[in-house]
Amino acid sequence: MALIDAHAHLDRYGGLLARALGEIEENAIWTLANSVDASSYERNLEIAAACPFVLPTFGIHPKYAARNAAKLQSFGPQIERTPLIGEIGLDFYWVEDAAEYPAERKVFEYFLAAAREQKKAVNLHTKGAEREVLDALEHYGVERAIIHWYSGPLDVLRAMIGAGLYFTIGVEILFSAAIREIARAIPLAQILTETDNPGGLKWLRGTPGMPADLRRVVSALAELKGLTAEALERTVGRNFLRFIDNDPWLEDWRRKLA
């Protein structure tokens, strides 16, 4: 079973991209290349054309919602093309200007409506807006969602677990007791792994993260769950296959991973 990086931003590697793609291929890391806007999606499409382990996905990150809220109708072709929608969501923590929150909601709800209509899974940002994100998923009837880097309240976490959502555990498990507590609470069957690189580790230690850092995440998570790294890798692989099962947009990836 291969490694799964369910949330990364390959378009941001710049001069490190060739090294990053080399690590992805060497370690067989199946990578969801999330986009934050239309231009990053176009770049991720180019990157994916050069690496069979990369799945480019389209979304508008809440940080960029305000500048894109007035042109949502123009994103129809990208939404039709993407096999999975992401990164989308809400952020009421890092985005400090509350005047931008209506635009965040408008963009998020537009993409949720598209996900419902096209029967696509979503990759979600929830920082500081965890309960509202869960309520929006329920309102739009979107049941297949990856919650990226959850760090919110435990009661909302339990509600999301009860809703059958999946959760990525990433590089912060190497540094944070709070993230380890969250990882303990998530059932093994609903766990995926991620790096959020290159920015994930850069935020934590000041230098860009690389795809192979995923092995450190797997080792730390395996120890936390009382498994070997190999067993945890197999479990995450099975979880991802279950997440994309019977999804016609992701049939090619399901065949490759099965």
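Reading the values: the criteria
- Residues numbered from 1 in each chain as written.
- Predicted model: local features only at pLDDT ≥ 70, side-chain atom pairs only at ≥ 80, totals over all residues.
- Heavy atoms only, no water.
- Helix = DSSP H or I, 4+ residues; strand = E, 2+ residues; numbered from the N terminus.
- Expected span 1.5 Å × (residues − 1).
- Buried < 20%, exposed > 50% of the residue type's maximum accessible area, 1.4 Å probe, protein only.
- Arc of directions from axis to C-beta.
- Phe/Tyr/Trp six-rings, centres within 6.5 Å; stacked < 30°, edge-to-face > 60°.
- Lys NZ or Arg CZ within 6 Å of the ring centre and 35° of its normal.
- Lys, Arg positive; Asp, Glu negative; His and termini not counted.
- Salt bridge = Lys/Arg side-chain N within 4 Å of Asp/Glu carboxyl O.
- Polar contact = N/O pair within 3.5 Å; in protein donor to acceptor, adjacent residues only side chain to side chain.
- Core = buried A, V, L, I, M, F, W, Y, C linked by side-chain atoms within 4.5 Å.
- Pairing = 2+ DSSP bridges.
- Axes fitted to C-alpha atoms, helices over the stretch in contact; angles between N-to-C directions.
- Contact = heavy atoms within 4.5 Å.
- Right-handed = clockwise from strand over helix to strand, strands pointing away.
- Patch = residues over 30% accessible without salt bridge, like charges linked within 9 Å, V, L, I, M, F, W, Y side chains within 5 Å.
- Areas by Shrake-Rupley, 256 points an atom, 1.4 Å probe, with all protein chains shown as cover.
- Charge placed at Lys NZ, Arg CZ, Asp CG, Glu CD.
- 1 Å grid on protein atoms, 1.4 Å probe; cavity = no way out; pocket = protein on both sides within 12 Å on 5 of 7 lines; lining within 4 Å.
- Points joined across faces, edges and corners; volume = space filled by probe spheres on them.
- Nonpolar A, V, L, I, M, F, W, Y, C, P; charged D, E, K, R; others polar.

Brief notes about helix α5 (residues 101-118)
With 18 residues, α5 extends 26 Å from end C-alpha to end C-alpha; this agrees with the ideal 26 Å at 1.5 Å per step. By the burial criterion, the buried members of α5 are Tyr101, Ala103, Glu104, Val107, Phe108, Phe111, Leu112, Ala114, Ala115 and Gln118. For α5, the angular spread of the buried residues around the axis is 165°, confining them to a single face. Exposed residues lying more than 90 degrees from the buried face of α5 are Pro102 and Glu117.

Considering the packing of aromatic side chains
Summed over all chains, the structure comprises 13 aromatic pairs. For the ring pair Trp94 and Trp203, a centre distance of 5.9 Å and an interplane angle of 85° mean the geometry is edge-to-face. Here Trp94, found in the loop between β4 (85-89) and α5, pairs with Trp203, found in helix α9 (residues 199-205); they are 109 residues apart in sequence, far enough to count as distant. Between the NZ or CZ atom of Lys120 and the centre of the ring of Trp249, over which it lies, the distance is 3.9 Å. In this arrangement the basic side chain of Arg144 is found over the ring face of Phe243, its NZ or CZ atom lying 5.8 Å from the centre.

Considerations on the side chain of Glu172
Along the chain, Glu172 turns up in the loop between β7 (166-169) and α8 (177-185). No salt bridge is formed by the buried Glu172; the nearest opposite charge belongs to Lys127, separated by 6.8 Å. Polar contacts involving the side chain of Glu172 include one to the side chain of Trp149, which spans 2.6 Å.

Some points on the nonpolar core
By size, the foremost hydrophobic cluster in this structure holds 91 residues, and its most contacted members are Leu10, Phe111, Val122, Leu124, Leu137 and Phe167. Sorting elements by how many residues they give to this core places α5 first, with seven residues.

Some words on the sheet that holds strand β1 (residues 3-8)
The strands making up a sheet associate through backbone hydrogen bonding, with each pair oriented either parallel or antiparallel. Spatial ordering of the open sheet is given by β1-β2-β3, a layout of three strands whose pairing is parallel. This sheet does not close on itself; its edge strands, each paired only once, are β1 and β3 (54-56). Taken over all neighbouring pairs, the strand axes of this sheet differ in orientation by 15° on average, direction set aside. Pairing of strand β2 (residues 29-33) with β3, which is carried by three bridges, proceeds in the parallel orientation. Paired with Thr31 across the bridge in β3 is Val54. Sheet contacts for helix α1 (residues 17-27): β1, β2 and β3; angle to β2, the most-contacted strand, approximately 135°. Across the face of the sheet, helix α10 (residues 214-225) comes into contact with β1 and β2 while running at roughly 110° to β1.

Quick word on the pattern of salt bridges
Going through the model one piece at a time under the given rule, you end up with nine salt bridges. Asp213 is the partner of Arg205 in a salt bridge, and the nearest nitrogen-oxygen pair spans 4.0 Å. A relative accessible area of 38% places Arg205 in the partly exposed class. With a closest N to O distance of 2.5 Å, Asp252 and Arg255 form a salt bridge. One end of the pair, Asp252, and the other, Arg255, are both in helix α12 (residues 251-257), three residues apart, so they sit about a helical turn from each other.

Comments concerning the pairing of β2
On any regular strand, side chains alternate: one points to one face of the sheet, the next to the other face. Burial runs high along β2: five of the five residues are buried. A two-sided burial pattern is seen for β2, the buried positions comprising Ile29, Thr31 and Ala33 on one face and Trp30 and Leu32 on the other. Two elements, β1 and β2, share four bridges in a ladder whose sense is parallel. Directly across from Leu3, in β2, lies its bridge partner Ile29. In this fold, the crossover linking β2 to β3 by way of helix α2 (residues 38-49) has right-handed handedness.

Let's talk about a positive patch on the surface
On the surface, a cluster of positive charge is made up of Arg12, Lys63, Arg67 and Lys71. Among the structural elements, Arg12 can be located in the loop between β1 and α1. You can call Arg12 partly exposed: its relative accessible area is 44%.

Describing the layout of surface pockets
Roughly 740 Å³ of internal volume is contained in the largest pocket. In this structure, the largest pocket is lined by 24 residues; those nearest its centre are His61, Trp94, His125, His148 and Asp196. Per-element tally for the lining of the largest pocket: the top contributor is α9, with three residues. Looking at the lining of the largest pocket, its residues break down into seven nonpolar, 10 polar and seven charged.

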